[in-house]
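Take a look at the letters that make up each chain.
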Amino acid sequence: MKTLLKGGYVVGFNGKEHEIIKDGVVVFERDRVEFVGKEYSQPVDKTIDAKGCLVSPGFIDTHFHSGINASDYLLSDANKLDYFASNYLAHGAPTREGAKHAHLKDVDVGQRFSLIHVLKSGVTTTLDIGGTGMNPEPYVTMVDEVGIRCYAGPSYKNVSFFQDGDGRLEYDWNDGRGSEGLKHAVEFAKKFNGACNGRMNTMLFPGHVDSCTPALLKDTRKAAKEIGVRVQIHATINLFEFHTVMQRERCTPIELLQKIGFLDPEVSLSHCIFISGHSWLSYPYGDDLKIIADSGASVAYSPLKYLKLGIVMESFDKYLKAGINMGIGTDTFPKDIISDMRYASIASKVAEKSFVAGHPRDVFNAATLGGAKLVGRDDIGRLQKGAKADITIINLKDIAFGAVRDPIKSLVETAVSRDVRTVIVDGETLVDNGKYLRLNEDELLEKVQAKGEQVWDSVPKWHWTGKSVDEVVPPAFKIK
Ligand SMILES: [Zn+2]
């Protein structure tokens, strides 16, 4: 069936860069874009009126965890001052005894919800780090049912993180845990690459620079090259990691990755905030930025996660100028990639102390072309003949937007996920009129609320204080 999207502003790709086609059309048939331009005179089976809308390539979320959703992230207020805003370690590391009660993955409700939640913000491709867990079949089936395009794989590391009864962080090392995890990840990658009718691709996701041994990281690169998949690792994500690596290896995390031959264009670094020269480090030595740029590795930047902690990348513009390919990730909650474009833009202005930094063009490129380059593809993140029919339509005709001159500026400065009208993945319409079509949203929300209550009730079982969720993270006002 041939479908024509008509009107609004079409973000076309001219082979080099995006360009805006006013009152343009996009034609797609099955999973491929057939035509992008001003007018299409051949017969079509269906016409979708997109007047007043931005017709955009679907966004690519380069850092996402389906296993961590609303209920977990409402616990993420940094409440341990001695952890220096070390995000997940402060709120997420359980006691040894309580570990089995913490952060339980729930494919059918929690993970399904997360994927639909991010899809509805216009994301058509997401990198789901560690979402598969140890029992991947139900996960793969669920991704297939949701309909999103997904780069997936289990996460693995040598370390398990725990907190003792006084809230001290413990690194529990185990060499076997790392190599077993890699073996399992390679098996997953081989078995499921191309699953879900080609919508699932696999990657290797070693945990973090401080939670994996250099030997495990070297084995990861070797295995990834052998089976032909890409790699993403959390790198320079918090001060604990920076200081642990500095103490252990006598160099920065980025220098360590370079030293062991880990960095190249098939690798992406999640977050990559605390590089040499960042103002929180008081470490103005070396040149991590140049190391990353010279290696060709990409960075997956999730600005909201850090803004919530009072931290900014220093800066998005500087990384771009150094020649680093940048992607945008959603990571925390809410997972709204349009808002994350805006956060990336504003954080860059603040870091640079410059109102011309964080240009809407650059953050939009990161959420489309940058994400595509990060996974090594030239058929997503753009609308041109032959590209995948992954399309997001955002309604700009609303009092919230007022008069529109530059639709990308309007998108980045004003839009949120609730302005997304239609999401098409592989030629299939998954969201229309702002509603996910493959299940009843109200029923899903009821299940999500019930799961959230369960997660919050379990907090005393695994949290080092043994206290209730309301004591650990008090609500804004007393709830009667
Ligand atoms: Zn992450």
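## Notes on the overall build of the chain
When helices and strands are counted, the chain shows 17 helices and 22 strands. On C-alpha atoms alone, the chain measures out to a radius of gyration of 22 Å, which is about the 23 Å that the 2.2 N^0.38 rule sets for 480 residues. Put simply, the chain has 480 residues, and 59% of those count as buried. Residue pairs in contact within the chain that sit at least 24 positions apart in sequence constitute 76% of those at least 6 positions apart. Put simply, the chain shows about 20,100 Å² of open surface, and 51% of that area lies on carbon and sulfur atoms.

## Some details on the coordination of the zinc ion
Protein coordination at the zinc ion comes from H63 (NE2), H65 (NE2) and H234 (NE2), with a distance range of 2.0 to 2.1 Å. Written as a sequence motif, the donor residues of the zinc ion are H-x1-H-x168-H. For H63, a relative accessible area of 0% gives the class buried. The exposure class of H65 is buried, given its relative accessible area of 11%.

## With respect to the packing of helix α5 (residues 175-192) against helix α6 (residues 214-227)
With their axes 11 Å apart at the nearest point, α5 and α6 run at an angle of 15° to one another. As summarised for this structure, α5 and α6 are arranged roughly parallel, according to the angle between their axes. Note that α5 runs across α6; the crossing there is right-handed. Here G178, S179, L182, V186, A189 and K190 of α5 come into contact with α6, specifically with L216, D219, T220, A223 and I227. Residue composition of the contact of α5 with α6, grouped by class: six nonpolar, three polar and two charged.

## Quick notes on unusual backbone geometry
Where the residue is not glycine, phi is negative for most of them; where a peptide bond is considered, it is trans in most cases. E314 connects to S315 through a cis peptide bond whose omega is -10°. Residue placement: S315 occurs in the loop between α10 (303-307) and α11 (316-322). Following F333, the chain continues into P334 via a peptide bond in cis, with omega recorded as 0°. Looking at the element boundaries, P334 is found in the loop between β18 (325-328) and α12 (337-352).

## A word on the state of the cysteines
With the rule as written, the count across this model stands at zero disulfides. Considering cysteine sulfurs only, C150 is the nearest to C196, which forms no disulfide, with 7.7 Å between them.

## Details of the pairing of strand β8 (residues 59-64)
Side-chain direction in a regular strand flips from residue to residue, so the side chains alternate between the two faces of the sheet. Counting buried positions over the six residues of β8 gives six, a clear majority of the element. Pairing geometry for β8 and strand β9 (residues 123-129), over four bridges, is parallel. Residue pairing for β9: D61 is matched across the bridge by T126.

## Side note on the pattern of salt bridges
Taken as a whole and assessed by the stated rule, the structure comprises 27 salt bridges. The residue D264 makes a salt bridge to R221 at a minimum N-O spacing of 2.5 Å. Residue D264 is located in the loop between α8 (253-259) and β16 (267-271), and its partner R221 is located in helix α6; the two are separated by 43 residues in the primary sequence. Close ionic contact of E352 with K318 constitutes a salt bridge, the shortest N to O distance being 3.6 Å. Residue E352 is found in helix α12, and its partner K318 is found in helix α11; the two are separated by 34 residues along the sequence. E352 sits in the partly exposed class, given a relative accessible area of 26%. Each of the salt bridges in this network shares a partner with another, and the network as a whole consists of D31, R32, R149, R377, D379, K388, D390 and D426.

## Describing the packing of α12 against helix α14 (residues 407-414)
Each pair of packed helices gets described by two things: the angle between the helix axes and the distance between those axes. In contact at an axis separation of 7 Å, α12 and α14 are set at 90° when each is read in the N-to-C sense. By the angle between their axes, α12 is roughly perpendicular relative to α14. Note on element contacts: α14 touches α12 through L411, V412, E413 and T414, opposite I338, M341, R342 and S345. Along the lines of polarity and charge, the residues of the contact of α12 with α14 split into four nonpolar, two polar and two charged.

## Considerations on helix α4 (residues 136-146)
Looking at α4, one finds that the buried residues are P136, Y139, V140, M142, V143 and V146. End-on, the buried residues of α4 take up no more than an arc of 160°, which puts them together on one face.

Cut-offs applied
Within each chain, residue numbers correspond to sequence positions counted from 1 in written order. Local features in this predicted model are restricted to residues whose pLDDT is 70 or higher, and side-chain atom pairs enter the listing and the counts only when it is 80 or higher, whereas totals over whole chains, interfaces and linings include all residues. Excluded from the side-chain calculation are hydrogens and water; included are all heavy atoms of the structure. By definition, any uninterrupted DSSP run of H or I lasting at least four residues is a helix, any uninterrupted run of E lasting at least two residues is a strand, and each is numbered from the N terminus. Put simply, the radius of gyration uses C-alpha atoms, and a globule should come to 2.2 Å times the residue count raised to 0.38. Exposed residues in this analysis have more than 50% of their type's maximum accessible area, buried residues have under 20%, and partly exposed residues fall in between, with area computed by a 1.4 Å probe over protein chains only. For this analysis, residues touch if any pair of their heavy atoms sits within 4.5 Å. In these tables, accessible area is a Shrake-Rupley quantity obtained with a 1.4 Å probe, and a residue counts as shielded only by the protein chains included in the view. Keep in mind that water is not among the atoms, so a site may look incomplete; donors are the N, O and S atoms within 2.8 Å of the metal, or 3.2 Å for Na, K and Ca. Convention adopted: a line fitted to C-alpha atoms gives each axis, helices being fitted over their contacting stretch, and angles between N-to-C directions are expressed from 0 to 180 degrees. Each angle gets one of four labels, with under 35 degrees taken as roughly parallel, over 145 as roughly antiparallel, 65 to 115 as roughly perpendicular, and the rest as oblique. For any helix crossing, the convention is left-handed if the near helix is rotated counterclockwise from the far helix by under a right angle, and right-handed if that rotation is clockwise. When residues are grouped by polarity, Ala, Val, Leu, Ile, Met, Phe, Trp, Tyr, Cys and Pro land in nonpolar, Asp, Glu, Lys and Arg in charged, and all others, Gly among them, in polar. A pair of sulfur atoms, both from cysteines and within 2.5 Å, is called a disulfide here. By the convention used here, strands pair only if DSSP detects at least 2 bridges between them. By convention in these notes, a salt bridge is any Lys or Arg side-chain nitrogen within 4 Å of a carboxyl oxygen on Asp or Glu. Throughout, the arc means that of the directions going from the helix axis to the C-beta atoms.

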